[in-house]
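# Architecture at a glance
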Amino acid sequence: MIPQVPQRARRGRRVATAGLALAALFLSGCTDEQRRGFLPGYSDGAVTDRTGTITDLWVGAWGVLVIVGLIIWGLTLWCAIAYRRRKNDTGFPVQLRYHVPLELMFTLVPVVMVLTFFYFTQQDTRDVEMHQAEPDYTVNVVGKQWSWDFNYVDDDVHEPAGVQSFATGQPGAAESLPVLYLPVDQTVEFRLDSRDVIHSFWVVDFLYKKDMMPGHTNTFQVTPTREGTYEGKCAELCGEYHSDMLFNVEVVSQEEFDAHMQELRDQGYEGQLGADLNRNEEEWSMREKSDDAGPRYTTESTEGENQ
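Let me begin by describing the structure that accompanies this report. (Residues numbered from 1 in each chain as written. Predicted model: local features only at pLDDT ≥ 70, side-chain atom pairs only at ≥ 80, totals over all residues. Heavy atoms only, no water.)

## Description of the sheet that holds strand β1 (residues 137–144)
Spatially, 5 strands are ordered β3-β2-β1-β5-β8 in an open sheet, and the strand pairing comes out mixed. The open sheet has two edge strands with one neighbour each: β3 (157–158) and β8 (218–222). Looking at chain direction, strand β2 (residues 147–152) and β3 are connected through 2 bridges and run antiparallel. Its bridge partner being in β3, asparagine 151 is matched across the sheet by histidine 158. (Pairing = 2+ DSSP bridges. Helix = DSSP H or I, 4+ residues; strand = E, 2+ residues; numbered from the N terminus.)

This is the structure:
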């Protein structure tokens, strides 16, 4: 005689199978943006050699937190329903002064979770902050209120001194921003300095930013792996026109990078723009730009800026 599977067990299996199928369907239907945890990125490859590590840490952490949150909410709702007061109940429920196994679980589980998060965060942070003894190329970035100067250390040339953008948010504003060129598939060391206050160098698609402090040089290394144009900005509130402190990064082939270095040399941009200069390489007045600045800038504000 063939043993019969109880009806309840068969229903449970069908529910479990349906749940797994729905979960697989949900995961397979995720877009590239959703799989990246809505971080910036592209479907045709990573932007740098470090963006994958950062994305995995972000998505993994949120995945664990979502699961823990669902378990906590599920147990909370189950307790509220299962142990609710019935109509015929009288008096108080059984009062327990302590429950050692439950209290140990409430203590040990959070400790294990925190230590696990710490382990993976420390491991990935070490990889992201890793420096090679001999990078392929070195760039010096100088932040200033409210623009950027870019020095190519190995070629001893620099980009034209950056000037504050007076057209932030307006059409065509990106064309007037300072531009930093980087060779693709080359490990670049960034040396970050500031001339005045604390700034923060942030290339959005690199998923990384680092502070720039007066009198102290911060460094990090990264290998761009995808050619393209990427937006950058200051990520530290640095004064009245902080929102104007924008720049672009062009990741290009080695041939195009070398041609740009020669072009800068031919134009006379040799040497380095140091951290001891003013906001621009030469004296300049914001009052001269007030006509193009729009309603955000007034005569009083420009006069106060030049005092």
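## A short note on unusual backbone geometry
Residue tryptophan 146 is reached from glutamine 145 by a cis peptide bond, and omega for that bond is 0°. Of note, tryptophan 146 is situated in the loop between β1 and β2. For aspartate 156, which is not a glycine, the phi torsion comes out positive at approximately 55°. In this structure, aspartate 156 sits in the loop between β2 and β3. Taking the relative accessible area as the measure of exposure, aspartate 156 reaches 41% and is therefore partly exposed. The backbone phi angle of leucine 207 is positive, close to 60°, even though this residue is not glycine. As for its placement among the helices and strands, leucine 207 is situated in the loop between β6 (199–203) and β7 (208–212). (Buried < 20%, exposed > 50% of the residue type's maximum accessible area, 1.4 Å probe, protein only.)

Shape descriptors only; they carry no functional weight alone.
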